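Chain and residue survey
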Amino acid sequence: MRRWTTMVTGALVCALALGACSSSGEGGNGAGGPSGPGPTRKAAGTLVLGAEQEPDCADWIGSCAGSAWGLWTIQVHTIPRVFDYRKQAGVWTEVPSPLLAGAPEVSERDGKQVVTYRLNPAARWSDGTPITSADFRFTWRAVVDGEDIYDKTGYDLIESVDDSDPRTVVVTFRERYASWRGLFAAYGVLPRHLLEGKDRAEEMADGYEWSGGPWIARWRKGESVTLTPNPRWWGPPPKLAKVVFKFLASSAAEFKAFESRTVKAIYPQPQLEVVGKVTRRDPQARRFVTTETGNVEALWVNNDRFPFDDVRVRQAFAYAVDREAIVRRLFGRLGVTEPVHSFNPPIQSRYAAPAFERYRADPRRVEELMRAAGFRRDGDGPWRKDGRVAEVVLTTTTGNKRRELTLQILQEQLRRAGFRARIGNLPPADLFGEHLPNGDFQVALYAQVVTTLDPGLCVVFCAKNIPGPDNDHSGQNFTRTRVPEADPFLERVDVEADEQERIAASKRADELLAEAMVSLPLDPLPNIGLWDRRIEGPVADNPVLGMFWNVHEWRCRGGRC
Amino acid sequence: MLTFVARRALAAVPVLLVASFLSFWFVRVTVDPTAKVRQSRDPQAVARLRERLRLDEPVVVQYGVWVRDALRGDLGTSERTGEPVSRMLRRALWTTTQLLLWGTAAAALVAVAVGVYSALRAGGVADHLLTTLAFLGLAMPPFWFGLLAIQILAVDLTRWLGLSEPLFGFVGLHSGDGSGFTLDYLRHLVLPVMTLTVGIVAEWSRFQRASMVEVLAAPYIRTARAKGVPRSRLVVRHALRNALLPLVTVMALDVGLLFGGVIVTEQIFSIPGMGRLFVESLRVGDAPVLVAWTVVTAAFVIAANLVADLAYGFLDPRVRPR
């Protein structure tokens, strides 16, 4: 009996082990989808990647626009766009994507700005239909006329899209628009012949079978997204037969999955627990940690709320915060030690002046500014003015340990400087959906993430964008910033066609915003990527399109993943 | 018997109604369904959603509309994904049912075997060892057990055996984009089923042991033994059959409670079932999904209770309904 049991157990373990081994070889059989045109090596291998979040839906211009993991797992691989993003001479720049035959031309006709895109004649959808100017026109109308569109900025300034020549798109603007490069890039271009006359949101909500990119995506809700080569892709064909993004429910599972090579690459958010795990030695892994991102994590100050309705108190607040100490504590182990000094993120550094560099922890300046603002303090007690205490409620999103730690450090720094600080965190939906738009906060810690190389801080700092009746309460200037001298420069950044003038205006605006200390930029929130060393290809971060944007160029050493 | 089942099913209706109203009301007062839409730059989006969900009307009216639609098979649309809630629930419920079925079967098998073995060696070293392990299992939080199991049985074991990927999977129920009943599926079931059932195996084995010890001391067993009935037959046919009775009731009740366990298990093992659906919906305050989820869960627990009653009656003719 005992021997029989042992044999059965042994057989079961062997079978499972065999299963483990055989499935690992799955990628090596060379069985792949159809390869692209041209005399190329056959696509081989299945690569499994980890995805921290599952997108809610795949309607990239509506309710699911701005979904980072939606972009990284499906959109970037299937929706054609006019620009790719590359680092050239140390600067991130837009370069024409394979959809275009060359760089777009910007001209002026009858005093109106005109952008002309010439399409690559080989560009076509996965069903063989050519991608034409009619698709551009359809996309423009879908954005402008659609309901629940995430952001119509720029598209609503288009006067016409001329589609008389299928291979040439002529976009005429009603007024000058400097950020035109973001159009048909972040949203991409949608297929008119497949979506016209249909409910786009419903058609795309659960994923779609068509593609205008190197891959066709199949989304199994809750489980995975599988990419297989698009046989009609006109660019360099994918080298892998299949790419699978597995959705991982927790960061603990994510790192275990990578450690055991259940997934071969991950792109984790820089949370506290992640920092320790990333720095752990793993000779089989490669990694990048970069601060060249589109992120700026900042302390967003409500300029309307006491005591921050006085510029001197805001400045004192900035001198009370030791930003270097916070950044070192959060990301020092990753080699990130310097705070950011502008609200223009690192990928837009050419538009940024290091204006906030002046704010380094300085108790003497705090004392001077608070006294100048009429506050008094007894010994180690808090600052008071007319019987009111300089009290600060610090808010961030619940459940984010890194941000919670940041606020705890900050609370202690502020207490030492004479501010009474307490923490009142909120669920993300409440903070972003209710408290920020209504101005129901004092100091909030969160990140501003941009997905374009075009600058544009007017949306968050121009007085006209303070939520109110004038903008149907849809303004994004949650901090209620009012710096009249800065507004013309911020507005100019949005419309100025001359690049040098635009840079100058942006830097001047930075200086004025820093002088008024409207809010305080903190850290660049680094991007982190880890991958198995058997993956070959240009693996690097792309701050706009994410780590996996060029997965069609990746392959596994020897065809085995 | 049919009358008994029908009566019990009817009695469950008011329970379901109360449970659904309470969850509906609780979700409405604690969650702002427009929070996500407020982030949209379309100023009309919030107004449209308020109108669609009838948020300006009293909760009772909103609930009435929900019940009316639910009776027509329309559980609403997820505010998070825009997908029909019924479709989301069906998909998640199928995954969770698999976990529960395998978990219950495995737990019952292990618990009965351990309980009987322990009872037959009551007071011995093996009994003490199994008792200690059972208490350890009872005391161990499932999330911690799950992480420990992943570390040891997946990550470390893979390294020790020099495999290219883990012996036991722990991300979903298949490797890559696989599907179906395969060896790979079984490899992915082991750790979540262990995590889900570690507590109930410990509980059920203690129950089985106690019940078995009691039965083995009964006079009719002594008589059977004195008559020379072989030991294996005595244990299996005479003792175990009677000792299973109380356990069956506990098992049927616990299966309903296992729903709570799947929340943790599915989160750790990235399994897209009811537990993960609940967590994700709660995170963003997806009211239609939360309400429907609660009703389905309540229905499941009520059904498990009904099964417990029926099973008990089936096994013990003395309590069979007439």
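Residues numbered from 1 in each chain as written. Chains lettered and ligands numbered in written order. Predicted model: local features only at pLDDT ≥ 70, side-chain atom pairs only at ≥ 80, totals over all residues.

1. Points about the overall build of chain A
Within chain A, the secondary structure is distributed over 15 helices and 22 strands. Rg of the C-alpha trace for chain A: 26 Å, near the compact-globule value of 24 Å for 561 residues, within the 12% margin. Considering only C-alpha atoms, chain A reaches an extent of 85 × 80 × 40 Å along its principal axes. Within chain A, buried positions represent 50% of all 561 residues. When contacts within chain A are restricted to residue pairs at least 6 apart in sequence, those whose partners lie at least 24 apart make up 68%. (Helix = DSSP H or I, 4+ residues; strand = E, 2+ residues; numbered from the N terminus. Rg over C-alpha atoms; globule rule 2.2 N^0.38 Å. Buried ≥ 20, exposed ≤ 12 C-beta atoms within 10 Å, placed from the backbone. Contact = placed C-beta atoms within 7 Å.)

2. Description of the sheet that holds strand S16 (residues 391–395) of chain A
Residue and element names in this part refer to chain A. Strand order in the open sheet made by the five strands is S17-S16-S18-S13-S19, with mixed pairing throughout. Either end of the sheet is taken by a strand with one partner, and the two such strands are strand S17 (420–423) and strand S19 (520–523). Strand after strand, the sheet turns through a mean of 30° between neighbouring axes, direction not considered. Summarising the sheet, strand S13 (residues 295–301) and strand S18 (residues 443–449) pair through seven bridges and their orientation is antiparallel. In the sheet register, Leu-299 faces S18, and the bridge partner there is Leu-445. (Pairing = 2+ DSSP bridges. Axes fitted to C-alpha atoms, helices over the stretch in contact; angles between N-to-C directions.)

3. Re unusual backbone geometry
All names here are of chain A. A cis geometry characterises the amide bond from Phe-306 onward to Pro-307, with omega recorded as 5°. With respect to the helices, strands and loops of the structure, Pro-307 is situated in the loop between S13 and helix H8 (311–320). Positioned with a positive phi, Asp-110 is a non-glycine residue whose angle comes to about 55°. For Asp-110, the position within the fold is in the loop between strand S4 (105–109) and strand S5 (112–118).

4. Remarks on the interface of chain A and chain B
Listed by partner, the interface residues are 49 residues for chain A and 45 residues for chain B. For the side of chain A that touches chain B, the secondary structure elements donating two or more residues are helix H1 (2–24), strand S1 (46–51), helix H5 (200–205), strand S9 (224–229), strand S10 (242–247), helix H6 (251–259) and helix H12 (428–438) of chain A. Element by element, the count of residues in the side of chain A that touches chain B is highest for H1(A), at eight residues. Split into classes, the residues belonging to the side of chain A that touches chain B amount to 21 nonpolar, 14 polar and 14 charged. (Nonpolar A, V, L, I, M, F, W, Y, C, P; charged D, E, K, R; others polar.)

5. Comments concerning the pairing of strand S20 (residues 527–532) of chain A
Residue and element names in this part refer to chain A. Among the six residues of S20, five are classified as buried, and the element is accordingly described as predominantly covered. Here strand S11 (residues 265–266) pairs with S20 via two bridges, running antiparallel. Following the sheet pairing, Ala-265 is matched in S20 by Trp-531. As paired strands, strand S12 (residues 285–290) and S20 are joined by six bridges and run antiparallel to one another. Across the sheet, the residue bridging to Arg-287 is Leu-530, located in S20.

6. Examining the nonpolar core
All names here are of chain A. Within the largest apolar cluster, 223 residues are counted, with the highest numbers of intra-cluster contacts made by Leu-49, Ala-58, Ala-320, Leu-490, Ala-509, Leu-513 and Leu-520. Domain assignment of the residues forming this core places at least three in each of domain 1 (4–291 + 526–559) and domain 2 (295–523). Every residue in contact with Ala-509, bar those within four places of it in the chain, is listed here: Leu-457, Ala-486, Phe-489, Leu-490 and Val-493. (Core = buried A, V, L, I, M, F, W, Y, C linked by C-beta atoms within 7 Å. Domains from an automatic or database assignment.)

7. Overview of the domain arrangement of chain A
Residues and elements named next belong to chain A. Taken as a whole, chain A is organised into domain 1 (4–291 + 526–559) and domain 2 (295–523). The C-alpha centroid of domain 2 is placed 33 Å from the C-alpha centroid of domain 1. Facing the 23 residues of domain 1 at the interface are 21 residues of domain 2. Broken down by secondary-structure element, the contributors of at least two residues to the side of domain 1 that touches domain 2 are strand S3 (91–96) and helix H7 (272–278). Element by element, the count of residues in the side of domain 1 that touches domain 2 is highest for S3, at four residues. Partitioned by chemical class, the residues of the side of domain 1 that touches domain 2 number 14 nonpolar, six polar and three charged.

8. With respect to the packing of helix H9 (residues 231–268) of chain B against helix H10 (residues 274–284) of chain B
All names here are of chain B. Across the interface, H9 lies against H10 with an axial gap of 7 Å and an inter-helix angle of 80°. One way to sum up the angle between H9 and H10 is to call them roughly perpendicular. Of the residues in H10, those touching H9 at Phe-259, Val-262, Ile-263, Thr-265, Glu-266 and Gln-267 are Met-274, Gly-275, Arg-276, Phe-278 and Val-279. (Parallel < 35°, antiparallel > 145°, perpendicular 65-115°, else oblique.)

9. Remarks on helix H1 (residues 2–30) of chain B
Here H1(B) is 29 residues long and its end C-alpha atoms lie 42 Å apart, about the 42 Å a rise of 1.5 Å per residue gives. Listing the buried residues of H1(B) in full gives B:Ser20, B:Ser23, B:Phe24 and B:Val27. (Expected span 1.5 Å × (residues − 1).)

10. What about the sheet that holds S1(A)?
All names here are of chain A. The strand order across the open sheet built from four strands is S1-S10-S9-S8, with neighbouring strands paired in mixed fashion. Two strands close off the open sheet at either side, each with one partner strand: S1 and strand S8 (215–220). Sheet twist, expressed as the average angle between the axes of neighbouring strands with direction ignored, equals 20°. Pairing of S9 with S10 involves four bridges; the strand directions are antiparallel.

11. As for the pairing of S16(A)
Note: S16(A) against S17(A), four bridges, orientation parallel. Within S17(A), the residue paired with A:Val393 across the bridge is A:Arg422.

12. Section: the confidence of the model for chain B
Of all residues in chain B, 94% have pLDDT values of 70 or greater, and the mean over the chain is 87. Across the assembled chains, the prediction reports ipTM 0.82 with pTM 0.84. (pLDDT = per-residue confidence, 0-100.)

13. Notes on the confidence of the model for chain A
Across chain A, pLDDT averages 89, with 93% of residues at or above 70. Across residues 1–39 of chain A, confidence stays below pLDDT 50; counting only partners more than four residues off in sequence or on other chains, it has 57 contacts.

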